[in-house]
Amino acid sequence: MFSVQTDSRLSIFEGLQVEKLWNASKRLGFPSALWRLPHKNEIKLLISVQQGIQKCQPDLEKLTPGFVMSTFHWENNEDILFLEGDIIITYSENDQIRNIENKLGEEHTEVKKLVSLAGEIAIAEQNETAENSILATCPPDPDSRARFERTVELAIAAIRQKQFKKVVLSRTKTFGYSEDFQPAKAFSKLVKIYPHAFVSLVNLPEQNELWLGASPEVLVQQTAEGIFKTMSLAGTQTARNTAGELIPKYDIRWGEKEIEEQALVSRYIVECFKKIRLREYLETGPKATLAGNLYHLRTDFEVDTVPLNFPELASVMLKLLHPTSAVCGVPKVPSLRFLSDIEGYDRSFYSGFLGPAQVSGETNLFVNLRTVRFKDGKATFFAGAGITEDSIPEREWEETELKCDTLLNVIATEF
């Protein structure tokens, strides 16, 4: 593998900003991913040059460095999308290259083409003065709110009939965008505004889609030292008062509905541990955690896999956890069946999972929340709300509006 530090001053990538390389990769039709892990300063750009988008089983410990992505409706024996890390470039927070991992070498024809196009883009953009385009609202669906609230009522009725204890209903909100939209700039802004989130931008050229998101929820993580982590994240309330000021954590008061909703998710994780007879885990929480313009309740779980001789724990737990009760419901099977029958649209990659696998020896997969899909001139925002017996349909609608606004407020001002 070719790897060079930026102080070597030998790399043909030197001086190329992350946005320029991303745009060049997109124009050339290479599957690629940009991401920034929570509370980290580094940004990583992965470009898959040779194989396109592959499909594989999520045996995470066996994968070569790459980026994985799965839809919400995923069965354990189904393949997931895999973007091979032919080129992985690490950038500092001030857009300087810190490290390059290039499997192909700098003499590779496609690598030269990529670098040349990125340079041309950089020169062209110096001469551009046009501003970005403006998001335009698609014709609104006047019945969308009533339809969602009616679905919440049906879910509450099913819960009272003991079909399940909780279900997570979701909806979409669609806007138009022009060809001038610059997703890498929107990514950069999300990185600055949401330091606590997993911020990602993924180009799937075979699907003709871009997915941009700022997810607060870890699904599975495993460090190079063998520490496994997951979390339960549920319960939602606004993080700002009527004056727009941030409400301190110690002033947050949680109702019975939110506490029970979060407890159901935590119990679900513990039940997964029990299925594999794992008892040696550390549980911390619940505690209030900030995610954009919202507060959630969060409980963290941690396992040291080294003394347990269990290096494949992340892969095992991935199959047990997804879809979690935070995006599906409790119990999983009847709530999933209800969603399939009643929700009325395909979630696609929303509430699936995504993230880097075996990059620098670590795997970091997140639930694909607070996300927007760009496809065919339409920006589709996704949001969900956990429904329990105590839910109030009007408030659940308002919760989905707040979640959509997490990204919308950033992206709308980016144009």
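Placed above this text is the structure.
Residues numbered from 1 in each chain as written. Predicted model: local features only at pLDDT ≥ 70, side-chain atom pairs only at ≥ 80, totals over all residues. Heavy atoms only, no water.

Student: Let's hear about the overall build of the chain: which residues, and what values?
Tutor: A tally of regular secondary structure across the chain gives 9 helices and 21 strands. Against the globule reference of 22 Å for 415 residues, the chain gives a C-alpha radius of gyration of 21 Å, in line with a compact fold. Projected onto its principal axes, the C-alpha coordinates of the chain cover approximately 65 × 55 × 40 Å. Of all 415 residues assigned to the chain, the portion counted as buried reaches 56%. (Helix = DSSP H or I, 4+ residues; strand = E, 2+ residues; numbered from the N terminus. Rg over C-alpha atoms; globule rule 2.2 N^0.38 Å. Buried < 20%, exposed > 50% of the residue type's maximum accessible area, 1.4 Å probe, protein only.)

Student: Please set out the pairing of strand 16 (residues 294-304) residue by residue, giving values where relevant.
Tutor: Summarising burial for strand 16: 8 of the 11 residues are buried, a large majority. As paired elements, strand 14 (residues 227-238) and strand 16 share 11 bridges and run antiparallel to each other. In the sheet register, phenylalanine 228 faces strand 16, and the bridge partner there is valine 303. Bridge analysis of strand 15 (residues 282-291) against strand 16 gives 8 bridges, and the strand direction is antiparallel. Bridge pairing in strand 16 places alanine 291 opposite leucine 294. Counting the residues between successive antiparallel strands, the hairpin from strand 15 to strand 16 contains 2 residues, one of them, glycine 292, with a positive phi of roughly 70°. (Pairing = 2+ DSSP bridges.)

Student: How would you explain the sheet that holds strand 18 (residues 353-357) if you had to name every residue and give the values?
Tutor: Remark on secondary structure: sheet strands pair via backbone hydrogen bonds, oriented parallel or antiparallel. Strand order in the open sheet formed by 9 strands is 4-6-5-18-19-13-14-16-15, with antiparallel pairing between adjacent strands. Two strands bound the open sheet, and with one partner strand each, they are strand 4 (53-56) and strand 15. Neighbour-to-neighbour, the strand axes of this sheet turn through a mean angle of 20°, independent of strand direction. Relative to strand 6 (residues 80-84), strand 4 is paired through 4 bridges, and the arrangement is antiparallel. (Axes fitted to C-alpha atoms, helices over the stretch in contact; angles between N-to-C directions.)

Student: Could you give an account of the side chain of serine 70, with specific residues and numbers?
Tutor: By the element assignment, serine 70 lies in strand 5 (residues 66-70). Judged by relative accessible area, serine 70 falls into the buried class, the value being 2%. If sequence neighbours within four positions are ignored, serine 70 has contacts with Ile80, Phe349, Gly352 and Phe353. (Contact = heavy atoms within 4.5 Å.)

Student: Which residues make up the pattern of salt bridges, and what values do they have?
Tutor: Evaluation of the coordinates by the stated rule reveals 20 salt bridges. Glutamate 110 is the salt-bridge partner of lysine 113, the closest N and O atoms lying 3.5 Å from each other. A residue pair is termed a helical-turn pair when its members lie 3 or 4 positions apart in one helix, as lysine 113 and glutamate 110 do in helix 2 (residues 109-126) at 3 residues. In this structure, arginine 171 engages glutamate 401 in a salt bridge whose closest nitrogen and oxygen atoms are separated by 3.0 Å. With arginine 171 in strand 10 (residues 166-176) and glutamate 401 in helix 9 (residues 393-412), the pair connects residues that are 230 residues apart, well separated along the chain. With a relative accessible area of 9%, arginine 171 lands in the buried category. Put simply, Lys166, Lys257, Glu261 and Glu396 are held in one network by salt bridges that share partners. (Salt bridge = Lys/Arg side-chain N within 4 Å of Asp/Glu carboxyl O.)

Student: Kindly report on the packing of helix 1 (residues 18-27) against helix 4 (residues 183-193), identifying the contributing residues and their values.
Tutor: The N-to-C vectors of helix 1 and helix 4 enclose an angle of 140°; their axes lie 9 Å apart at closest approach. By the angle class used here, helix 1 and helix 4 are oblique. For the element pair helix 1 and helix 4, the recorded crossing hand is right-handed. Contacts between helix 1 and helix 4 involve Glu19, Trp22 and Asn23 from the first element and Pro183, Ala184, Lys185 and Ser188 from the second. Looking at the contact of helix 1 with helix 4 residue by residue, the class counts come to 3 nonpolar, 2 polar and 2 charged. (Parallel < 35°, antiparallel > 145°, perpendicular 65-115°, else oblique. Left-handed = near helix turned anticlockwise from the far one by under 90°. Nonpolar A, V, L, I, M, F, W, Y, C, P; charged D, E, K, R; others polar.)

Student: Before we move on, could you go through helix 1 and cite the residues and values that matter?
Tutor: Taking burial as the measure, the 10 residues of helix 1 include 8 buried ones, the bulk of the element. Three or more residues of helix 1 are buried, namely Val18, Glu19, Lys20, Leu21, Trp22, Asn23, Ala24 and Ser25. Glycine 29 occupies a position one or two residues after helix 1 and carries a positive phi of about 80°.

Student: Explain the nonpolar core to me, and be specific about the residues and the numbers.
Tutor: Within the largest apolar cluster, 70 residues are counted, with the highest numbers of intra-cluster contacts made by Phe67, Leu169, Leu204, Val220 and Ile387. Per element, the largest residue contribution to this core is 6 residues, and it comes from helix 3 (residues 144-160). Setting aside anything within four residues of it in sequence, one finds phenylalanine 67 in contact with Ala33, Trp35, Leu46, Leu81, Phe82, Leu83, Phe198, Val202, Leu354, Gly355 and Pro356. Core analysis: the second largest hydrophobic core is formed by 48 residues, Leu45, Leu114, Leu190 and Val199 among them. (Core = buried A, V, L, I, M, F, W, Y, C linked by side-chain atoms within 4.5 Å.)

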